Amino acid sequence: MMRAGVLHAFGSAPRFEEFPAPTAAAGETLVRVKAAAITPLARWIASDRDYGRSDVPFICGSEGVGELEDGSRVSFGVLRAPYGAMAEVVPAPTRLCTPIVRDDVDDVLAAAVKNPGVSAFNSLGWGAKLQPGENVLVLGATGVAGRLAVQVAKLLGAGKVIAAGRDESGLEVLQQLGADELVPLGQSDSGLGKDFRRITEQIGVQVVLDYLWGRPAQVLLDAMPRRLMADREIRYLQLGNSAGATISLHANALRRTGVTLGAGAPPPVELVQENYRKVLDGVASGRLRIDCAAVPLSEIEAAWQQDTRGRRLVVVP
């Protein structure tokens, strides 16, 4: 047996308790877990039976950082049911174990930055095909993923980065992280639409990363200038829906604006692993920063229910 964060009902918090220890199947490697972040993906899987796992109980957590039998450090992810990252030991797919060669990034930081940092590199480089000098608008920039996206965009050579967020105090921090323009999302629809029109018409936006959907996306798409024949392309990647799962989308918001809307095709595993190495390099050099905090696995139930806006909690067995 081992100790783990175990979910017994969808929509509830995992409990700290004993669970049968795993054995490695073909193509798997046993990893002793050192740190596992509480990510939005982990929460979605635990809240929705249709998202990934149909049966409870199971161990929560989608990815983490750990140690192999020989003492080498790796990151891991995509675990078979009923196992998850918030446990003492996991059976990880061997091909998805990425060596961590930097010893100047500790386990907690390496686990905290993986999901949002790699997502930003994947979305900007692979999904949006960002070119140096192009302008990027980040919807949801005050969240953990949005903050990393602002920094990664600058790292990849973006011209101007416009940060739109719901947490106005968090927006001020983003100026220190490289944001050139700030848009508070808490203002009225008319005020927000005016800001978005100015940005899309006067500054110009080639890439949108949207972690929110809902009202912010609705106002942005409605505010974009329409032309009889669109003379530019705006690559719009829809990456999250914390502000709402649906919007009302007029056909002209696509045909007359030049918007191409999607989530981007999944990148190959090798690129994901290479992007993780770039993320760790960025963290070690100080060019990428994330606010994170460690919590003991024994406190998983309370940690799961905390408001962690702008900060990533990392579970430590």
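Residues numbered from 1 in each chain as written. Predicted model: local features only at pLDDT ≥ 70, side-chain atom pairs only at ≥ 80, totals over all residues. Heavy atoms only, no water.

(A) Geometry of the packing of aromatic side chains. Summed over the entire model, instances satisfying the criterion amount to three aromatic pairs. For the cation-ring pair, Lys114 lies above Tyr276, with the distance from its terminal atom to the ring centre recorded as 5.7 Å. (Phe/Tyr/Trp six-rings, centres within 6.5 Å; stacked < 30°, edge-to-face > 60°. Lys NZ or Arg CZ within 6 Å of the ring centre and 35° of its normal.)

(B) The packing of helix H2 (residues 107-127) against helix H8 (residues 269-285), seen in detail. In contact at an axis separation of 8 Å, H2 and H8 are set at 120° when each is read in the N-to-C sense. Between H2 and H8, the crossing angle belongs to the class labelled oblique. H2 and H8 meet at a crossing whose hand is right-handed. Counted together, Leu109, Ala110, Val113, Lys114, Gly117, Val118, Phe121, Asn122 and Trp126 of H2 and Leu271, Val272, Asn275, Tyr276, Lys278, Val279, Leu280 and Val283 of H8 form the full contact between these two elements. Of the residues belonging to the contact of H2 with H8, the class tally is 12 nonpolar, three polar and two charged. (Axes fitted to C-alpha atoms, helices over the stretch in contact; angles between N-to-C directions. Helix = DSSP H or I, 4+ residues; strand = E, 2+ residues; numbered from the N terminus. Parallel < 35°, antiparallel > 145°, perpendicular 65-115°, else oblique. Left-handed = near helix turned anticlockwise from the far one by under 90°. Contact = heavy atoms within 4.5 Å. Nonpolar A, V, L, I, M, F, W, Y, C, P; charged D, E, K, R; others polar.)

(C) Structural view of the pattern of salt bridges. The tally for this structure, following the rule as stated, stands at 12 salt bridges. Note that Lys154 and Asp180 form a salt bridge whose closest N and O atoms lie 2.8 Å from each other. Of the two residues, Lys154 sits in helix H3 (residues 144-155) while Asp180 sits in the loop between helix H4 (168-176) and strand S11 (181-184), which places them 26 residues apart along the sequence. Close ionic contact of Arg277 with Glu274 constitutes a salt bridge, the shortest N to O distance being 3.3 Å. A residue pair is termed a helical-turn pair when its members lie 3 or 4 positions apart in one helix, as Arg277 and Glu274 do in helix H8 at three residues. Salt bridges linked by common partners bring Arg102, Asp104 and Asp281 together as one network. (Salt bridge = Lys/Arg side-chain N within 4 Å of Asp/Glu carboxyl O.)

(D) The arrangement of the packing of H2 against H3 in detail. Close contact between H2 and H3 brings their axes to 8 Å; oriented N to C, the two are set at 50°. One finds that H2 runs oblique with respect to H3. Note that H2 runs across H3; the crossing there is right-handed. Contact with H2, carried on its side by Val113, Pro116, Gly117, Ala120, Phe121 and Leu124, involves Val144, Ala145, Leu148, Ala149, Val152, Ala153 and Leu155 of H3 and no other residues of that element.

This is a description of form; function is not addressed.
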